[in-house]
Amino acid sequence: LKLQFLYFIDYLFSFHPQLNKMADALFAKMSAALGTPAGQAAAKKINEVITYEFPDTGVSYVMDLKAGKAYKGKHDDPACTFKMDEKVFLELSSGKADPMGLFMEGKIELDGDTDIAMKIGKVLKTLEKEIASA
């Protein structure tokens, strides 16, 4: 029974490198999209720094809408921080999950300015074409 449990834990952690690569690629596409004229215009609507923390993988990303870029790392003073498992983020990004439902289920936590958090969805929706083509 203990051996089965250890195999199960190993199985769960075997997905993390793949998740990291997918999230890395998505944030790279977001950064490229923010560099386009449409991305710059969308970023100016919020003009704040937003962070994403993934406790399951221990990775954090920054969406710096002031500078118009997204990258892996941390920021000292974000306007808001989303905390969720990386898998949840990828499901959310693909449109397979409802953000409000995930928040109500406790799968997404938010620290900071809720107004900015509500606006970020509109900005990302605006950038869908640029993200897809990046």
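Residues numbered from 1 in each chain as written. Predicted model: local features only at pLDDT ≥ 70, side-chain atom pairs only at ≥ 80, totals over all residues. Heavy atoms only, no water.

A. Representation of the sheet that holds strand E5 (residues 108-112) within the structure. Strand order in the open sheet formed by five strands is E3-E2-E1-E4-E5, with mixed pairing between adjacent strands. Every interior strand has two partners, whereas the edge strands, strand E3 (69-72) and E5, have only one. Averaged over all pairs of adjacent strands, the angle between strand axes in this sheet comes to 15°, irrespective of strand direction. Sheet strands touched by helix H4 (residues 86-93): strand E1 (49-54), strand E2 (59-64), strand E4 (80-84) and E5. Its angle to E4, the strand with the most contacts, is close to 105°. (Pairing = 2+ DSSP bridges. Helix = DSSP H or I, 4+ residues; strand = E, 2+ residues; numbered from the N terminus. Axes fitted to C-alpha atoms, helices over the stretch in contact; angles between N-to-C directions. Contact = heavy atoms within 4.5 Å.)

B. How the structure looks around H4. Along H4, the residues classified as buried are Glu 86, Val 88, Phe 89 and Leu 90. Gly 95 sits one or two residues past H4 and shows a positive phi near 85°. (Buried < 20%, exposed > 50% of the residue type's maximum accessible area, 1.4 Å probe, protein only.)

C. Geometry of the packing of aromatic side chains. For the structure on display, the rule yields seven aromatic pairs. Relative to Phe 82, the ring of Tyr 52 has its centre 5.3 Å away and its plane inclined at 20°; by these criteria the two rings are stacked. In this pair, Tyr 52 is assigned in strand E1 and Phe 82 in strand E4, connecting sequence segments 30 residues apart. Take Tyr 52: its relative accessible area is 4%, and that puts it in the buried class. (Phe/Tyr/Trp six-rings, centres within 6.5 Å; stacked < 30°, edge-to-face > 60°.)

D. Looking closely at a nonpolar patch on the surface. On the surface, a nonpolar cluster with roughly 480 Å² of combined accessible area is contributed by Met 100, Phe 103, Met 104 and Met 118. When residues of the nonpolar patch are assigned to their parent elements, the largest contribution, three residues, is made by helix H5 (residues 99-104). One can find Met 104 in helix H5. (Patch = residues over 30% accessible without salt bridge, like charges linked within 9 Å, V, L, I, M, F, W, Y side chains within 5 Å. Areas by Shrake-Rupley, 256 points an atom, 1.4 Å probe, with all protein chains shown as cover. Salt bridge = Lys/Arg side-chain N within 4 Å of Asp/Glu carboxyl O.)

E. Geometry of unusual backbone geometry. A positive phi angle, near 55°, is found at Asn 47, a position not held by glycine. Among the structural elements, Asn 47 can be located in the loop between helix H3 (37-46) and E1.

F. Up close: helix H6 (residues 114-126). If you check H6, its first and last C-alpha atoms are 19 Å apart, about what 13 residues at 1.5 Å a residue would give, namely 18 Å. On its buried face, H6 sits against H3, E1, E2, E4 and E5. Looking at where H6 begins, the residue whose side-chain oxygen comes 2.8 Å from the main-chain nitrogen of Asp 115 is Asp 113. (Expected span 1.5 Å × (residues − 1). Polar contact = N/O pair within 3.5 Å; in protein donor to acceptor, adjacent residues only side chain to side chain.)

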